[in-house]
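# Breakdown of the fold
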Amino acid sequence: MNILVMGMGYVGITTALMLAESGWTVTGYDVDERKISSLKQGVVPFFEPGLDALLSQHLNSGQLHVTSSVKSAIKQNQVIFLCVGTPSLDDGSPDLKYIHSAAESIARYMQEYKLIVVKSTVPIGTNGRLTEWIASHQISAVPFDVVSNPEFLREGSALYDSLHPDRIVIGTDHKCAARQMRTIYNAINAPILITEPKTAEMIKYASNAFLATKISYMNELARLCDTLQIHIDDVAKGMGMDHRIGAHFLKAGIGYGGSCFPKDINALLNTASGHQHRLTILEQVVQVNNTQHAFYLDKWEEIVGGFRNKNVAVFGLSFKPDTDDLRESPSLSMISSLISKRASVKVHDPVAKLPAQLSSSPVEQCDSIDEAVTGADAIILCTDWNHYKYADWSRIHSLMKHPFLFDGKNALNRREMEVAGFHYFGIGQPY
Ligand code: UGA
């Protein structure tokens, strides 16, 4: 079976590599010629551990090739994975223009049966509508199936998650399509759940929204823990030992970010309101997340006696470690708030770069930790890169003017930091 993956972004490249690893012959297509020429040279246009090496390996072995020629790619492949982006429109609903343009190409160039697998996160009901949409754009009636197959990989561990998923969800009403999907995933050892397309779409949104709910719940609880002088991480540990709760996604911090949780929750809220429903818990999840970084920044401002004219070193720009993705990164919100408090900000990140709109403001990106902390009055850790966990904190201390350390991810060990000489403050911790 030859498989085409349309859209060579995060999900697309990882999916193409997962399919190639599974033994299929895979073609990766993207409309962006620059991206394709970079991929042809084995260079992934974003930072994600492990992808470059596997890309080169599968390009060299001929298991994978990439192209910007859509017509032949569609003609030559029986299975098509749609992995194009679905960014948010101003009202929070997803923009389906890339889905529609991919579907239109498929409709135009298909000459025999196609299995169309939708990996992109799309509003509930889209798979059903896509079937009608493709049929109405076909030049002649050629049979096809549209299957929903949501993606659950995390940035930073995309390859591992794709090769070792907790489950594979397949939304289809057709037995034959379900059978083909089982064959495609034969090499992946994970339970397969076959549902209606609408249910599969809902599972994706409900899962992301639930994970975000866990985080906001812990973040709000952390605020109370501060006051009660209780360590939120100990609370999380005790809660997580209960299998009904689970140990993951209970880590308090300055809020969640990324291209998925904020966008998907907005989309789900939008779907609910479009059907005259309110998801009040989710509304509060967003509210807690939107206020978390400011809640802590205000607290820390009192501790340092105001950030005005203070030198603040911000550690971490990306929304999580092991990625250069800045989308909805809490670190950017933190930097903007520091600017409005008239602080002078130096930032460091192992890979991510300051976005253009912040580079022109009083923020300087430093190549080294030393440069960022020299003369600093405070450090705010915003991304829990290992880089910072294993930094030489005694040296950092020796370079600073005042040793205030605000750990926005509870990534560091308080005792070790105090031994190194810091006044250490975390999220939901006694002090
Ligand atoms: C998320 C989901 O975890 C994936 O299952 C899903 O496939 C993906 O969205 C998607 O829809 O494409 P991702 O956004 O890459 O993955 O990253 P996460 O590891 O989920 O982290 C999201 C945010 O939550 C980060 O800012 C992270 O720092 C924060 N987080 C995570 C916490 O603050 N506390 C935690 O305990 C866990």
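Residues numbered from 1 in each chain as written. Predicted model: local features only at pLDDT ≥ 70, side-chain atom pairs only at ≥ 80, totals over all residues.

## So, the site of the ligand
Filter applied, for reference: Think of it this way: take the backbone, place a C-beta atom on it, and check whether that atom is within 6 Å of the molecule or strand, in which case the residue is near it. Per the convention used, a helix needs a DSSP run of H or I reaching at least four residues, while a strand needs a run of E reaching at least two, with both numbered from the N terminus. Nonpolar residues are Ala, Val, Leu, Ile, Met, Phe, Trp, Tyr, Cys and Pro. Charged residues are Asp, Glu, Lys and Arg, and all others, Gly as well, are polar. Domain start and stop positions are those given by an automatic or database domain assignment.
In the vicinity of the ligand lie 21 residues, with Glu 155, Lys 251, Tyr 256, Gly 258 and Cys 260 positioned nearest. Only helix H9 (197–228) and helix H11 (261–274) provide two or more residues apiece to the shell around the ligand. Ranked by the residues each element gives to the shell around the ligand, the list is headed by H9, at 3 residues. Here the residues of the shell around the ligand sort into 10 nonpolar, 5 polar and 6 charged. The two domains that each donate at least three residues to the shell around the ligand are domain 1 (2–195) and domain 2 (196–431).

## Concerning the packing of H9 against helix H12 (residues 280–304)
The test is simple: A fitted line through C-alpha atoms serves as each axis, taken over the contacting stretch for helices, and the angle formed by two N-to-C directions is quoted from 0 to 180°. What sets the label is the angle itself: under 35 degrees gives roughly parallel, over 145 gives roughly antiparallel, 65 to 115 gives roughly perpendicular, and the rest give oblique. Handedness of a crossing is defined here by the sense of rotation of the near helix relative to the far one, left-handed for an anticlockwise turn of less than a right angle and right-handed for a clockwise turn. Any pair of residues counts as being in contact when their C-beta atoms, constructed from backbone geometry, are within 7 Å of one another.
Packing of H9 against H12 leaves a shortest axis separation of 9 Å and a crossing angle of 50°. When the axes of H9 and H12 are compared, the pair comes out oblique. Both H9 and H12 take part in a crossing whose hand is left-handed. Two secondary-structure elements touch here, H9 through Ala 209, Ala 212, Thr 213, Ser 216, Asn 219, Glu 220 and Arg 223 and H12 through Ile 281, Leu 282, Val 285, Val 288, Asn 289, Gln 292 and Phe 295.

## A few points about the packing of helix H6 (residues 126–137) against H9
Where H6 contacts H9, the two axes come as close as 7 Å, and the packing angle between them is 130°. On the basis of their axis angle, the class for H6 and H9 is oblique. Taking contact as the criterion, the partners of Thr 126, Asn 127 and Gly 128 in H6 are, on H9, Pro 197, Lys 198 and Glu 201. Residue classes in the contact of H6 with H9 are distributed as 1 nonpolar, 3 polar and 2 charged.

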